[in-house]
Amino acid sequence: MARHARLGAAAGASHILDVSRAMWLADTSRLDEARRLLEQLRDATVAQFGPRHPYVADRSARLARVLLTQGDLAAAEAQVEATLATEDGADTAFGSAKDRARLVQALVWVEQGRAAQAAGAIDTMRAMAGRADRREMYRETLLLLEEAAAVSYAA
């Protein structure tokens with residue numbers, strides 16, 4: 001990030017760096033900053049590519065997780081729905097943005113007292129993951145899957 005900043009305008013836009021920074025902010029409990037950055041990234045991506053683009057799915061799914069962590073269930077659900085309405089290009093491999101959004105949705109259900117519904121969704125996702133070739137999976141989603149399973153089964 002420091003190198004990118006030193007290069008200034010010559011470096012150009014770095015969406016990967018921006019998303020990585022947002023994830024780091026969320027992981028270090030700087031949730032308000034992560035939320036603002038992800039909202040900006042989502043809005044800029046919508047403006048550039050339209051609301052159904054796969055990049056929008058990624059930004060919306062990540063934003064949904066931050067919103068859930070902040071306890072804003074209604075906003076998290078809205079981002080889940082926005083993610084599911086996109087044309088996620090990686091939807092054929094387990095671990096897509098839509099898969100991450102479905103896992104956030106299950107965690108929202110747990111928070112709403114709908115643990116049985118969440119556990120059913122988690123079981124379906126675990127079965128999907130079990131059938132997928134490990135080389136075709138996203139580790140980030142597998143980690144979220146196990147977290148969601150633990151939370152939903154304990155509720």
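Anyway, here's the lowdown on the structure attached to this text.

As for the overall build of the chain
Item 1. Of the regular secondary structure elements, the chain holds eight helices and zero strands.
Item 2. Written out in order from the N terminus, the α and β elements of the chain read α-α-α-α-α-α-α-α.
Item 3. Here the chain holds 155 residues, and 40% of them are scored as buried.
Item 4. Within the chain, residue pairs in contact and separated by at least 24 positions form 58% of the contacts whose partners lie at least 6 positions apart.
Item 5. Here the chain has roughly 8,400 Å² of accessible surface; of this, 53% comes from carbon and sulfur atoms.

Considerations on unusual backbone geometry
Item 1. Backbone geometry at Ser 29 places phi at a positive 65°, although glycine is not the residue there.
Item 2. Examined against the element boundaries, Ser 29 turns out to sit in the loop between helix H2 (15-27) and helix H3 (31-49).
Item 3. A relative accessible area of 61% means that Ser 29 is categorised as exposed.

A word on the side chain of Arg 62
Item 1. Mapping Arg 62 onto the fold places it in helix H4 (residues 54-69).
Item 2. When sequence neighbours within four positions are dropped, the list of residues in contact with Arg 62 reads Val 19, Met 23, Leu 38, Arg 100 and Glu 140.

Re the side chain of Ser 152
Item 1. You can see Ser 152 is positioned in helix H8 (residues 139-154).
Item 2. The residues contacting Ser 152, other than those within four sequence positions of it, are Val 110, Ala 115, Ala 118, Ala 119 and Ile 122.

Details of the packing of aromatic side chains
Within a pair of aromatic rings, the relevant descriptors are the distance that separates the centres and the angle that separates the planes.
Item 1. The final tally for this structure, using the stated rule, is one aromatic pair.
Item 2. Plain terms: the ring middles of Phe 49 and Tyr 55 are 5.5 Å apart, the flat faces sit at 85° to each other, and that makes the pair edge-to-face.

Observations regarding H3
Item 1. Given a rise of 1.5 Å per residue, 19 residues ought to cover 27 Å, and the 26 Å separating the end C-alpha atoms of H3 matches this to within 8%.
Item 2. Turning to H3, its buried residues number three or more, namely Leu 31, Ala 34, Leu 37, Leu 38, Leu 41, Arg 42 and Thr 45. Angularly, the buried residues of H3 cover 135° about the axis, an arc narrow enough to put them on a single face. With respect to the buried face of H3, the exposed residues turned more than 90 degrees away are Gln 40 and Ala 47.
Item 3. Elements that come into contact with the buried residues of H3 comprise H2, H4 and helix H5 (73-84).
Item 4. Phi turns positive, to about 100°, at Gly 50, one or two residues after H3.

About the criteria used
Residues numbered from 1 in each chain as written. Predicted model: local features only at pLDDT ≥ 70, side-chain atom pairs only at ≥ 80, totals over all residues. Heavy atoms only, no water. Helix = DSSP H or I, 4+ residues; strand = E, 2+ residues; numbered from the N terminus. Buried < 20%, exposed > 50% of the residue type's maximum accessible area, 1.4 Å probe, protein only. Contact = heavy atoms within 4.5 Å. Areas by Shrake-Rupley, 256 points an atom, 1.4 Å probe, with all protein chains shown as cover. Phe/Tyr/Trp six-rings, centres within 6.5 Å; stacked < 30°, edge-to-face > 60°. Expected span 1.5 Å × (residues − 1). Arc of directions from axis to C-beta.

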